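Given next are the chains, with one letter for each unit.
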Amino acid sequence: MVRSIKLLVLVLILAACQDDEDVSAPEPRKAMVGLWQYDHIIVEDILVTPFADNKMEPGSFKGNLGGERAELNRRRVRYYEDGTYQLLWLDRGAYELGTDGDPNWQPSFGMYRTNQGEDSLIHNSPLFYAQAYSLSFNGDTLIRTSYRYMSSNSRDNNSGASANLWQPGDTVKYQEVFHRVSD
């Protein structure tokens, strides 16, 4: 009887240890499902701004970037469990990023896939306008990092920088920071 109890305790201890070893970060797809609102963008780890134009290129104020629609917090993206996404304005239906044919153009809806272990996201694979991102999560914050082609320079977009961080045609490290609005 004592031997059976010792064996049972040993099995329970091993089972508890096994459960601890299996704890891992949530699958990126499950973590992404929900409604996310843009907070700000970071370019080359230097320029941080809550404003962007219709091509999602950064600026430092509303000005000539499209008035209130330049404010990133008016833009949202919803990721669905079925592997689709929808870009939304806070106050007006769907929007597209950029202009059709622009290297950064993304439609107002599409499909996505994630790769567990790599923390990567791909919008619209394998289409010609596919966009790859790396992902990181911190609570209810999502950061999508990509390398983007810039169609204007930083001065054109009123970044306030004393020197151009990029020139038209440059490819820059681009981080989009979102906050979860709902599941």
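Just above, that's the structure.
Below is a summary of the structure that appears in this document.

Rules used in this analysis
Residues numbered from 1 in each chain as written. Predicted model: local features only at pLDDT ≥ 70, side-chain atom pairs only at ≥ 80, totals over all residues. Heavy atoms only, no water. Phe/Tyr/Trp six-rings, centres within 6.5 Å; stacked < 30°, edge-to-face > 60°. Helix = DSSP H or I, 4+ residues; strand = E, 2+ residues; numbered from the N terminus. Buried < 20%, exposed > 50% of the residue type's maximum accessible area, 1.4 Å probe, protein only. Contact = heavy atoms within 4.5 Å. Pairing = 2+ DSSP bridges.

Points about the packing of aromatic side chains
- Within the structure shown, the criterion is met by five aromatic pairs.
- Arranged with centres 6.3 Å apart and planes meeting at 50°, the rings of tryptophan 36 and phenylalanine 137 form a pair that is tilted. Of the two residues, tryptophan 36 is situated in strand β1 (residues 34-43) and phenylalanine 137 in strand β9 (residues 131-138); the sequence distance between them amounts to 101 residues.
- Seen in terms of ring centroids, tyrosine 38 and phenylalanine 178 are 4.2 Å apart; in terms of plane orientation they differ by 45°. Their pairing is tilted. Of this pair, tyrosine 38 sits in strand β1 while phenylalanine 178 sits in strand β11 (residues 171-182), and the two are 140 residues apart along the sequence.
- Residue classification places tyrosine 38 among the buried residues on the basis of a relative accessible area of 1%.

Focus on the environment of glycine 169
- As for its placement among the helices and strands, glycine 169 is situated in the loop between β10 (141-149) and β11.
- For glycine 169 and methionine 150, which are 19 residues apart along the polypeptide, the C-alpha to C-alpha distance reads 5.4 Å.
- In this structure glycine 169 touches Tyr149 and Met150, once residues within four positions along its chain are discounted.

Considerations on the pairing of β10
- Here β9 runs beside β10; their pairing, made up of five bridges, is antiparallel. Counterpart to serine 134 in the pairing with β10 is threonine 145.
- Where β9 folds back on β10, the antiparallel hairpin that results is connected by two residues, among which glycine 139 adopts a positive phi of roughly 65°.
- Looking at chain direction, β10 and β11 are connected through nine bridges and run antiparallel. The residue bridging threonine 141 from the neighbouring strand is histidine 179, located in β11.

Here we look at unusual backbone geometry
- Look at the link from serine 125 to proline 126: it is a cis peptide, with omega at 0°.
- You can see proline 126 is positioned in the loop between β8 (120-123) and β9.

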